[in-house]
Amino acid sequence: MIKDSVLLVLFLLACSCMVFGQGRTIKGTISDENSKQPVAGATIVVKGARISATADANGAFTISAPTDRVTLVISSVGFAPKEITAEAGQSLTITLATDTRQLGEVVVTALGITRQSKTLVYAAQTVAPSQLTGVRSTDNFLGSLSGKAANVQFTQGSGGLGSGAILILRGNRSIAPPSSGNSANPNNALIVVDGVPINNTTFATGNNDFGSLQSSDGASDINPDDIESMTVLRGASAAALYGSQAGNGVIVVTTKKGHKGRTDVIVNSGIGFERPFALPQFQNSYGQGNGGVIASDSSQSGASWGAKMQGQSYVDFLYKRNTYSPHPDNIKKFFKTGLSLNNSVGVSMGGDKSQSYFSYTNNYAKGIIPHNDLNRHIFDYRITSELNKKFTVDAKATYILQIINGKPRTGEENAPVFDVYQQPRQISYEEASQNFQTFDAFQIAHPANWASTNNSIYQSPYWMTNNTSITENRERAIGFASLKYNITPWLSVRGSANLDRTSDEIQQKYQQGTLLWNTNAGGSYAVTDVVMTNKWLDAIFEGRNDLAKDLKINYHAGVIYYDRLYANNTASTNGLNVINKFSLNFASNPATTQDGSEILTESVFGQASIGWRDAIFLDGSFRTDWASPLPAPHTFNYPSLGLSVLLSELVALPKSMSFLKVNANYAKVGNGGIPYITSATYQYDQGAGNGSIQRSPTYPIPNLKPEQVTSYEFGVDARFINDRIGFTATYYHANSKEQLVPIPLPVATGYATQYINAGNFENHGLEITINGSPIKTRDFTWDVQLNFSLNRNKIVELTPELKQFYLGGADARSGQPEVAKGGAFGDLYGYVWATNSKGQYIVNSDGTPLTTNKVTGADLSFLGNGNARELLGMTNTFQYKRFSLNFLIDGRIGGILLSGTEMNLSFSGITKNTLAFREGGLNFHGVDVNGAPVDKAITAQQFWTTASLQRYGAGQFFTYSATNIRMREFSFGYDIPVKNTTIIKSLRLSAVARNLFWIVRGKSVFDIPGIGKRTLWMDPDMSNGNGLFQGVEYGALPSTRTLGFNLKANF
Amino acid sequence: MKRKNKIYLLPLLGLLVFTQSCTKNYKDVNTNKNAIATIGPSTLPFLFTHAEDVATVNAGNYQVAQNLFADQYCQYFACEATYFGSDRLVINQNWVGANFNPYYTDVLPQLQTIFANTDSTSAQHAMAEVVWVLAFMKVTDYWGPIPYFSAGSVATSVPYDPQDKIYADFFHRLDGAIAVLNTHKGENAFGSYDIIYGGDVTKWLKFANSLRLRLALRVSKADPTTAKAEAEASVAGGVMTASPADDAFIARSSTGGDVNGLSIMSDWNEFRMSATMASVLKGYQDPRISQYFLPTDKSGDPTPGKFANYAGLRNGLSVAQQTQPQNLAAANSHQGARWSSTSVTVGGTIVGLASYTNTPQNVMETAESYFLRAEGALLGWNMGGSAQSLYESGIRNSMAQWGITGAAVDTYIASANTPVAPGDFLNSPAVSNVPIAWSADPNVQLQQIMTQKWLALYPDGMEAWADWRRSHVMKLYPAANSDNVLIPDPSVKWLRRIPFLTTERQNNPDGVATGVSALGGTDNELVPLWWDKNP
């Protein structure tokens, strides 16, 4: 209280220092004709005199008038200039019309600071909210960014509805290991809502093929209906003010608030239907069995290497006589038609002094996995209020309640997707789905016999979806209160307090009889409570001054206090004394664990931008952080500097060129590291005796240093023919150094790993956006937007002690992504077909390939890189009278995807690629280890079982080019005419679709002699999880095709 | 303008106040509240528990350290899973590292901390020494030279030491520990934190002597002089003599990371009784068969002793052979009921136990000491009895260990039964013709001792494989197929060791180089270890 009072007094003192009104003046306020929002920073010039003024944050200005009657020229970027004749002493209310030339687009940058885009020294791309709410991405609104902004790579995790995802801007740069509470990819872009980074962590994700529980991330529960504007800040420079987390770029989201003098009610209602878009390609010719013979005991050998399915009689997995014939849809039918219902109402009200916005949104979605559904309620309330001329208050509270049922596990183990793929080809959906369990005398369910390729790992998917239950209940409260005080017309201070608290309760229930997790009788149960609390307090001074004629400065200085708390309490029991009673009360082996961490960061920053004649802008920032994970003095600094020159204001350009800007910048940002690694710790384990204590196998790093990203960027922004055509190009170059790397130590030291700061990862690339309006008439317009980017990554240096660092995928089942000096981030390594020094393929004496995993100690071979080389997106929008048509084509070029799913299914003769050479005749004409020719023909079964080895195979055979281009989005809308007399202002109905069809698809990389190349069947947008383990899919969920309708009414 | 300057100072003033109070509590913030920062007297016993837990191959490592390698190479079990190549003699180094890494990260630091914090004349210190030997014996017996004398200090490279030097140190440590334990007889150390003997020092003394006896026989061909001296000292000092009282079993829990490692694999169905086990147990009409294994589910008859209902498969079957009906998991014998979950049924009846995950795990048992002494007696050492009496006591103690006593044991010992053809998919002949009843032929006697020891060691494949490589007396079937290019014919060549780990070659290349030179310049599966003097 004392501190606050002191500050208040200081402010009042400051105010009394200001003296206004010497002689004749004219006062006024300037607002936007459309939005009624004040136009801050508008310039007011007295025509014919060297007198000018700038409007303050409320659009107010005072200007001295040299004569009784003057002509004022009012200009502001983004608005058409206006001339007004005024009398001295008069009070004016001026409205400005939007400049159709769109030159002065205003963007929201870091910390909620609004800037005119022409002054920006870095690339910033805005995405209209309508592009997020049109064709929705069901799982995560960030998925809607694909193709709509340059250099955005979005990958969805496989945990079903609401599952965590990754959004990467400008390539990967960090291998920071998962820290307590966050397993999400460390290259994930920072998501900032209303000036403050939100919690976007994922506490559990799979980092290998085995799979895992995949939890939600923080971005997935943001409601796109509440978004007013969104800016993609790709570079470190743009984001320098966010410091440690901003090296990956930032998605800046500003949410809606009420507007002065206007009441709007927007009701949006949408429905969508989803079907799997990319499923493995199954063969439908051969059924269950071995060596071309129908399995004698169907419950035991589940592979589909049997006889040709011709309606023969056989004994099925239930020991019943059945018909041996194909059921091509037995997997397709497993997947339900997903449904998503989206209903929201937003009310925006505004008086002169106080405006408010309230919205309620309900998302209900049923996933394609049976019993997977999501129900989300979002309440959002915001109030902005002008207490008096000096004080304004802005406050918001968002409450989110989200319940997800039936989350599928990712990967292979206890994962329904893998389970269903593994059923033999002659099983019908009806038989499988109706006969998965039997009940005993006590009404306890037991798994029925099941024909699967591996009965100890894969279970009936219907047992899994009916008798396993993973639920995630999330409560989240996000809120802020911010008070702004205008000290003088040119200096203000704003203090904000923000809270983002997410509380998840994850319950896992595995009924008795479920494989793998239930090692004890009765079933197993776990309940995990995860609480993540982000506290953010800031105080920011904002000012602007004219330093001299033609020289203006605006600046910010502030302090930030940021505290992140994570707590995880898990109580579990492997075994229940009362069968299938999922409560800890019935636990036969209760176990509890507690985990938690805290990171505290305090920062001081300053930023200034100097503009000369509104044509040259010099921008600089400096920030100092004190981060708790670092050793004393806990501190590090990072600067940024940039320049933007509007050549079109300085030199005469050809007439066709209406605007030309060039910019350059340099920035450094740091990352404060992860907690608790500067000293040794000992962990306690519950177990036999009194439990035991072990020393952490990680050698501490007492001299931990922050990671650093150093980047520079050049950009050009040109517009032609009265801005009908716009073109931007940005070249960027970023080096990430002092990476926090857990390197392996020789274990004989007593430690397995050691953290070090090392490495130099380089990303550089080019981003081009082109937009234009090829046709623009009164009734018909055609707009095109094209985004293109390329990124090149190089591991310049790792550390002398370490040749490569694995990004997950232990045991090289199919492949391991890694980082190695001279390579690129996410290079995939796996086993291959062995060749001799002459390059000849080595075969075993029976004619099967000799794969390198059969050679003890053989090194893994390079298979390709998992990241896209180029990304592109093209949006076409047609508007004819009341009709609009919009479609987005996007894609990626380059990079590979390794399909562990296909590897595993090929072993069992399930996939289409196993059809050729079923009856034999595949002769590779290879050589033996001594180079002697081997002339032996083999069967498809021999080949694919050797190549895939089921779960630990040679990845080379299952590697695809991930290049793909697709019709990503399509929408067709109609503005229903409404009479002026009704309360409805506008009404719009649209039909929308997402993931319609492939236009281009890659092929398998390895041309298997005699078999050839196959076409990419899986969707590279889907990944097992959202950690560092990328480029390999192993039982990833199929992506979906959405068809839907949307009705939007504005009252 | 002057007045404006004053206002410029405002932000600076604010920042000054802020930075003053900034980092005071950072140390507290950056302390993990759910972990321990330092080890003191009250936490030291927990380290001993952990060292015991990991030194005896705990659940997290059991499959990849032991089951996929030693257990299959000594032919207790044969592999059912098509995706594991180890039974066809291909060593996946990603897995076998589980018999290397944990000893250095989870046993060594704990024991070195105990050494540093206890008096060298204390029982605690001596017990930690015994656990040390128990642990590193498992490591060196897979690889030969290993990082040893320099292990435990942080460096970028740790040299490997030759196996003979390591064994010399084992004896040195055990000799010292036994001397110390002798001064603490009847006392208790570590109490309930010792999850093998509950802190009973007298039992630890017997265990230490028995372990020393095991080592003595291991080096009996490489260093006969030391072997004789150490073996005789052990017997004189008092080895285990009565099962089950003297047997070393480690407690396992029903939850957490230290459940019984064999039990945890019950429902995975990735391995089954080997044809070798089937040949011997069925041929001998051995009553232990119903303890070691379960009848096949297909038999529908869980009656113990119905030998026809047990089935095993040959080691090293090809994928095509593995997927034949006769070789499937359901058609072959699962490990015994004590390691079976309640989802394991025979003929529709649940035979597994609810408590199967906390079945105590074999560490070293009395029967082994008798067989070690019997072998020593054949070598002419003073083992406190004749080879025959020690052999027969070995059988009696092994039977007693599994709860089999009385006339059945006498009948068994007197039986002239020999192994039979196991009736497997490959129609294999009997694995050998060695009878149970003590033979007059000294060559057969040794085979008898080794065969019975192999049976008695079950399911400790780690010791059984080392013992087989060392002695090479007991007959095993050659692997049906070899995917290992170095072993084109498994009937003439066999795996002698595990090649140095890929991770070690990457992370400790200089160390591995010293290991390769200690091996004589070649690092592969065919190089015999120092104590392996077989041709």
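Computed from a predicted model, the values in this text were never measured in an experiment. (Residues numbered from 1 in each chain as written. Chains lettered and ligands numbered in written order. Predicted model: local features only at pLDDT ≥ 70, side-chain atom pairs only at ≥ 80, totals over all residues. Heavy atoms only, no water.)

Draft legend 1. Molecular detail of the overall build of chain A. Helix and strand content of chain A: nine helices and 56 strands. For chain A, the C-alpha radius of gyration of 31 Å lies close to 31 Å, the compact-globule estimate for 1051 residues. For chain A, the residues scored as buried account for 61% of the 1051 residues in total. For chain A, contacts bridging at least 24 residues in sequence account for 68% of all contacts bridging at least 6. On chain A, roughly 38000 Å² of surface is accessible, and the fraction owed to carbon and sulfur atoms is 57%. (Helix = DSSP H or I, 4+ residues; strand = E, 2+ residues; numbered from the N terminus. Rg over C-alpha atoms; globule rule 2.2 N^0.38 Å. Buried < 20%, exposed > 50% of the residue type's maximum accessible area, 1.4 Å probe, protein only. Contact = heavy atoms within 4.5 Å. Areas by Shrake-Rupley, 256 points an atom, 1.4 Å probe, with all protein chains shown as cover.)

Draft legend 2. Inspection of the pairing of strand S31 (residues 551-574) of chain A at higher detail. Residues and elements named next belong to chain A. Of the strand pairs in this sheet, strand S30 (residues 524-548) and S31 are connected by 24 bridges, and their pairing is antiparallel. Bridging from a neighbouring strand, Lys535 pairs with Asp563 of S31. Joining the antiparallel neighbours S30 and S31 is a turn of two residues, in which Asp550 adopts a positive phi near 70°. As defined by bridge partners, S31 adjoins strand S32 (residues 590-612) across 23 bridges and the pair is classed as antiparallel. (Pairing = 2+ DSSP bridges.)

Draft legend 3. Structural detail: the sheet that holds strand S3 (residues 51-54) of chain A. Residues and elements named next belong to chain A. One open sheet holds the four strands; their spatial order is S3-S2-S5-S6, and the pairing between them is antiparallel. Unpaired on one side and paired on the other, S3 and strand S6 (82-87) mark the two borders of the sheet. Here the strands of the sheet are splayed against their neighbours by 25° on average, with no regard to which way each runs. As paired elements, strand S2 (residues 43-46) and strand S5 (residues 69-75) share four bridges and run antiparallel to each other. Residue pairing in the sheet places Val45 in a bridge with Val73 of S5. (Axes fitted to C-alpha atoms, helices over the stretch in contact; angles between N-to-C directions.)

Draft legend 4. Expanded view of the environment of Gln214 of chain A. All names here are of chain A. Mapped onto the secondary structure, Gln214 falls in the loop between strand S14 (196-197) and strand S15 (227-233). For Gln214 and Lys1013, which are 799 residues apart along the polypeptide, the C-alpha to C-alpha distance reads 33 Å. Of the polar contacts made by the side chain of Gln214, one reaches the side chain of Thr205; its length is 2.4 Å. (Polar contact = N/O pair within 3.5 Å; in protein donor to acceptor, adjacent residues only side chain to side chain.)

Draft legend 5. Region of the structure containing the sheet that holds strand S55 (residues 1032-1033) of chain A. Residues and elements named next belong to chain A. The strand order S52-S49-S55 describes an open sheet built from three strands, whose pairing is mixed. With partners counted over all chains shown, the strands left at the sheet margins are strand S52 (959-961) and S55, one partner each. Taken together, the two bridges between strand S49 (residues 896-899) and S55 define a ladder with parallel strand orientation. Across the sheet, residue Leu898 finds its bridge partner in S55, namely Val1032.

Draft legend 6. Spotlight on the confidence of the model for chain A. Residue and element names in this part refer to chain A. Mean pLDDT for chain A: 87, with 96% of residues reaching 70 or above. The weakest mean pLDDT in chain A belongs to helix H1 (residues 2-16) at 36; the strongest belongs to S52 at 95. Overall, residues 1-22 carries pLDDT values under 50, and its contacts beyond four positions in sequence, including any with other chains, amount to 21 contacts. (pLDDT = per-residue confidence, 0-100.)

Draft legend 7. Structural view of a nonpolar patch on the surface. A cluster of nonpolar residues, Phe358, Phe379, Tyr381 and Tyr399 of chain A, forms a patch on the protein surface that exposes about 350 Å² of accessible area. Mapping Phe358 of chain A onto the fold places it in strand S23 (residues 354-366). (Patch = residues over 30% accessible without salt bridge, like charges linked within 9 Å, V, L, I, M, F, W, Y side chains within 5 Å. Salt bridge = Lys/Arg side-chain N within 4 Å of Asp/Glu carboxyl O.)

Draft legend 8. The arrangement of the packing of aromatic side chains in detail. Enumeration according to the criterion identifies 78 aromatic pairs over all chains in this entry. Where Phe418 of chain A meets Tyr458 of chain A, the ring centres are 5.7 Å apart and the plane angle is 15°; that geometry is what we call stacked. Taken together, the positions of Phe418 of chain A in helix H4 (residues 416-421) and Tyr458 of chain A in the loop between strand S27 (445-447) and helix H6 (461-467) put the pair 40 residues apart, joining distant regions of the chain. Here Phe418 of chain A and Tyr458 of chain A have matching classes, each one buried. If you follow Arg695 of chain A out to its NZ or CZ, it ends over the ring of Tyr751 of chain A, 3.9 Å from the centre. If you follow Arg497 of chain B out to its NZ or CZ, it ends over the ring of Phe500 of chain B, 4.7 Å from the centre. (Phe/Tyr/Trp six-rings, centres within 6.5 Å; stacked < 30°, edge-to-face > 60°. Lys NZ or Arg CZ within 6 Å of the ring centre and 35° of its normal.)

Draft legend 9. Molecular detail of the pattern of salt bridges. All names here are of chain A. This structure, assessed with the given rule, holds 55 salt bridges over all chains. Between Arg476 and Asp221 there is a salt bridge; the shortest N-O distance is 2.6 Å. Taken together, the residues span a long stretch of sequence, with Arg476 in strand S28 (residues 468-488) and Asp221 in the loop between S14 and S15 at a distance of 255 residues. Residue Arg476 is classed as buried on the basis of its relative accessible area of 1%. For Asp221, a relative accessible area of 1% puts it in the buried group. With a closest N to O distance of 2.8 Å, Arg968 and Asp1021 form a salt bridge. Placement of Arg968 in strand S53 (residues 964-976) and of Asp1021 in the loop between strand S54 (986-1001) and S55 is noted, with a sequence separation of 53 residues between them. Judged by relative accessible area, which is 5%, Arg968 ranks as buried. Linked through salt bridges whose partners overlap, the residues forming this network are Asp194, Asp380, Arg382, Asp394 and Lys396.

Draft legend 10. Local environment of the pairing of strand S17 (residues 264-276) of chain A. Residues and elements named next belong to chain A. Two elements, S17 and strand S22 (residues 338-350), share 11 bridges in a ladder whose sense is antiparallel. The residue of S22 that forms the bridge with Gly270 is Asn342. The sheet contact formed by S17 and strand S56 (residues 1040-1050) spans 11 bridges and is antiparallel. Pairing of Ile271 across the sheet is with Phe1045, part of S56.

Draft legend 11. Representation of the side chain of Glu472 of chain A within the structure. Residues and elements named next belong to chain A. Mapping Glu472 onto the fold places it in strand S28. A polar side-chain atom of Glu472 sits 2.5 Å from a polar atom in the side chain of Ser216. When residues no more than four places from it in sequence are discounted, the contact partners of Glu472 are Ser215, Ser216, Gln402, Ile403, Ile404, Lys407, Glu505 and Ile506.

Draft legend 12. Just the interface of chain B and chain A, in detail. Between chain B and chain A, the residue contacts involve 93 residues of the former and 92 residues of the latter. Between chain B and chain A the total buried area reaches about 7400 Å² when both faces are included, carbon and sulfur atoms providing 61% of it. On the surface where chain B and chain A come into contact, there are two salt bridges. We note a salt bridge from Arg951 of chain A to Glu270 of chain B, for which the minimum N-O separation is 3.9 Å. (Buried area = accessible area lost by both parts, 1.4 Å probe.)

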